[in-house]
Amino acid sequence: MALNIPDVFMTCRREQRAAVMPFLTSGYPSDKMFIELIRSMIRAGADMIEIGVPFSDPLADGRSIQKSSEAALANGIDIDRTLDLAREAVNGQLAPLIMMSYLNPILAYGEERLLRRMRRSNFKGMIIPDLIPEEGANMEQLCRKHEIDLIYLLAPTSDRKRRKRIIRHGSGFVYLVSVAGVTGTRKALPRSLKTWIRQVKKESALPVCVGFGISNPQQAREISREADGVIVGSALVEIIERAPNKRRMIQDTQSFVSQMKTQI
Amino acid sequence: MGQPNKLGYFGAFGGRFVPETLMTALIELEKEYKSLKRDKSFREELKDLLHNYAGRPTPLYYARRLTEKWGGSKIYLKREDLTHTGAHKINNCLGQGLLAVRIGKKRLIAETGAGQHGVAVATVACLFGLECTIYMGKKDMARQEPNVKRMQLLNAEVIGVDSGSKTLKDATNETIRDWVTNISTSHYIIGSTVGPHPYPMMVRDFQAIIGHEAKKQAKRIIKGLPDAIVACVGGGSNSLGIFYPFINDIDVRLIGVETSGLGLKTQHHAATLSRGKPGVLHGSYSYLLQDQNGQVRATHSVAAGLDYPGVGPEHSHLKSTGRATYVTVTDKQALAAFVELSRTEGIIPALESSFALAYAKKLARRMGRDRIIIINLSGRGDKDLGTVQSLLDGGGNNTNGHGGEEG
Ligand SMILES: Cc1ncc(COP(=O)(O)O)c(C=O)c1O
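Our subject in this report is the structure included herewith. (Residues numbered from 1 in each chain as written. Chains lettered and ligands numbered in written order. Predicted model: local features only at pLDDT ≥ 70, side-chain atom pairs only at ≥ 80, totals over all residues. Heavy atoms only, no water.)

Residue and element names in this part refer to chain B. The ligand sits among 18 residues. The nearest are Ser192, Gly234, Gly236, Ser237 and Ser378. Between the ligand and the protein, one listed contact pairs an oxygen atom with a side-chain N or O atom of lysine 89 at 3.2 Å. Separating an oxygen atom of the ligand from a backbone N or O atom of glycine 236 is a distance of 2.7 Å. Within the complex, 97% of the 400 Å² of free accessible area of the ligand lies under protein. Of the residues contributing to the shell around the ligand, the split by class is five nonpolar, eleven polar and two charged. (Near = heavy atom within 4 Å. Polar contact = N/O pair within 3.5 Å; in protein donor to acceptor, adjacent residues only side chain to side chain. Areas by Shrake-Rupley, 256 points an atom, 1.4 Å probe, with all protein chains shown as cover. Nonpolar A, V, L, I, M, F, W, Y, C, P; charged D, E, K, R; others polar.)

Another aspect to go through is the sheet that holds strand 5 (residues 149–151) of chain A. All names here are of chain A. Taken together, nine strands build an open sheet; the order of strands is 5-4-3-2-1-9-8-7-6 and the sheet is parallel. Pairing within the sheet leaves two strands with one partner each, and these edge strands are strand 5 and strand 6 (153–154). In this sheet, strand 4 (residues 123–127) lies alongside strand 3 (residues 97–100) in parallel orientation, the contact comprising four bridges. Considered in strand 4, the bridge of leucine 97 is made with phenylalanine 123. Along the sheet, helix 1 (residues 5–14) contacts strand 1 (19–25), strand 3, strand 4, strand 5 and strand 8 (208–211); its crossing angle with strand 5, the most-contacted strand, is approximately 75°. Against the sheet, helix 6 (residues 111–118) contacts strand 3 and strand 4, and its axis sits at roughly 145° relative to strand 4. (Pairing = 2+ DSSP bridges. Helix = DSSP H or I, 4+ residues; strand = E, 2+ residues; numbered from the N terminus. Contact = heavy atoms within 4.5 Å. Axes fitted to C-alpha atoms, helices over the stretch in contact; angles between N-to-C directions.)

Another point: unusual backbone geometry. That bond from A:Tyr28 to A:Pro29 is cis: its omega, -5°, falls within 30 degrees of zero. Along the chain, A:Pro29 falls in the loop between strand 1 and helix 2 (31–43). B:Arg56 connects to B:Pro57 through a cis peptide bond whose omega is 0°. Tracing the sequence through the fold places B:Pro57 in the loop between helix 2 (40–53) and strand 3 (60–62). You will see that A:Phe212, though not glycine, has its phi angle at about 80°, which is positive. One can find A:Phe212 in the loop between strand 8 and helix 10 (217–224). Residue classification places A:Phe212 among the buried residues on the basis of a relative accessible area of 11%. Non-glycine residue B:Asn155 carries a positive phi angle of around 75°. Along the polypeptide, B:Asn155 turns up in the loop between helix 7 (145–153) and strand 7 (157–161). Under the relative-accessibility criterion, B:Asn155 is labelled exposed at 67%. (Buried < 20%, exposed > 50% of the residue type's maximum accessible area, 1.4 Å probe, protein only.)

Shown next, in the form of structure tokens:
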């Protein structure tokens with residue numbers, strides 16, 4: 001049985017390190033490879049894994065995740081397949097999964113119907129990039145009922161009042177968006193990021209994890225000095241996209257996650 | 001009826017479903033808009049521009065020959081096609097452009113389908129000395145090429161969007177991505193009554209001048225109110241603009257016309273209110289064309305401005321209360337109306353507006369002679385000559401299409 005999200009952070013705190021959280025689009029690049037890749041991430045020491053449900057209009061995502069999303073849709077991936085694949089990929093493992101989905105596929109599936117099925121597939125958390133706390137009351141209540149952490153995003157543009165609201169309404173951890181923008185790799189992270197993470201950490205009772213634009217283990221290391229966790233998505237999708245064959249795809253993914261793990 | 005609640009809901013529809021990065025700006029925008037709405041100098045400046053720059057008020061024209069030809073109710077056309085830049089879109093752009101200047105933004109960004117909104121944004125960017133970037137689906141760039149050239153002449157950067165169906169929906173995704181990235185410098189002028197609160201309310205307010213004028217003109221010219229108002233519905237701005245001031249005049253029928261493209265039985269339509277289900281796209285909860293997994297469907301319409309799977313939340317509300325009715329018209333029927341108005345009155349309408357015309361024809365016959373119908377002629381058709389020519393040449397020369405289907 002997978003750990004709950006707070007347990008993961010407790011372990012990390014004990015080991016005095018940040019949590020490593022890779023992201024992969026469900027069913028990308030194929031069902032079989034997706035399962036292999038998730039397993040390789042776990043072998044490399046991923047503490048949690050974020051799995052993206054593909055959506056036709058991923059407006060918070062940059063080029064790489066848009067493309068993986070299109071490929072997954074073409075491959076017929078929906079929420080049911082995601083639940084099945086996730087269960088198969090991590091059965092018997094400790095690392096909890098977190099579902100990342102835009103709101104509309106969740107509404108179409110039925111919020112409660114989905115939440116009821118998530119834990120069985122090792123999902124312990126939910127990230128909805130187009131759901132803000134003002135609109136989240138119903139989802140928060142259902143998530144509590146089904147013991148799923150609802151993780152809100154916090155942006156560099158969120159003022160003090162909004163930060164407070166997000167921290168109070170979310171659970172699991174706070175997902176701190178590193179830059180105003182969409183997902184995607186970036187050469188450099190904003191210089192103000194460090195002080196800003198510190199600021200949010202001071203205000204937050206929840207762990208603070210940073211994502212969007214983290215492109216390599218060195219950047220992950222810098223961020224891990226301030227944050228409780230580091231989320232990497234586009235960089236991994238790009239590694240998978242670039243790999244010349246399946247063996248390399250798995251090797252490169254695994255070694256990227258291992259490097260992150262040793263760096264932080 | 002009319003004002004959304006604090007969270008931006010019209011009944012069950014609306015709200016704000018956006019990445020957190022946008023929220024502070026949306027709250028700010030709402031605050032600024034509410035205070036500017038009461039600001040006398042802002043209102044005076046906008047009024048002056050609408051009059052001296054955009055050419056308002058636009059006429060309410062009695063189409064005598066068309067009325068005689070159709071042989072039913074009297075047809076009046078609200079001539080938005082006569083505004084500067086050739087469509088109702090300028091009303092919203094002047095309002096939001098002024099607003100952008102007041103809140104200190106240096107750059108305007110927007111999506112466009114038919115290109116009329118893009119042209120209007122590029123125009124006000126010149127007028128106010130702002131930078132301008134317009135996103136447009138590659139398919140729309142090809143079918144509305146004259147408007148691409150106009151935008152470029154007006155110094156706008158036109159970015160072709162290659163993702164998804166390469167139409168309005170995809171252009172909107174790209175504009176939102178740009179906005180999230182450049183939120184501190186850029187104002188997004190959404191082109192219709194869609195998007196997160198406060199846009200649906202704000203765009204409607206800026207477009208309501210169409211209905212306010214029409215009401216005044218009707219009282220003067222026909223000594224009363226019309227029996228019905230017919231307008232096409234893409235995102236819903238020209239229709240809400242003309243409907244809104246008549247909302248409480250319950251004897252006036254309000255009819256929105258959607259596009260059933262190649263037919264409602266095919267997947268090639270964009271009849272959101274007639275065939276969709278409520279869902280979330282582009283920041284609000286409203287009717288949406290989607291599959292059973294909540295994936296947004298590809299749409300089709302001969303009119304690029306109607307080729308969109310969503311619709312403004314206030315329309316979803318008006319549908320649910322029954323205050324407005326929504327019907328559909330096929331591409332073929334709209335094309336026939338395009339040709340018919342051109343040849344009967346010497347007015348070349350936008351393809352979008354032709355959908356309203358085609359339905360009004362059927363309605364005029366049904367309602368009979370002693371009734372009055374106002375059609376919102378939302379734009380002019382210069383942009384569509386290429387599309388229409390190739391369709392008419394390609395054997396689509398069927399100008400006998402009739403009316404539409406009740407939705
Ligand atoms: C002339 C014209 N009419 C109608 C529309 C549809 O938009 P809306 O429903 O917002 O009026 C467009 C959109 O591009 C347009 O250019």
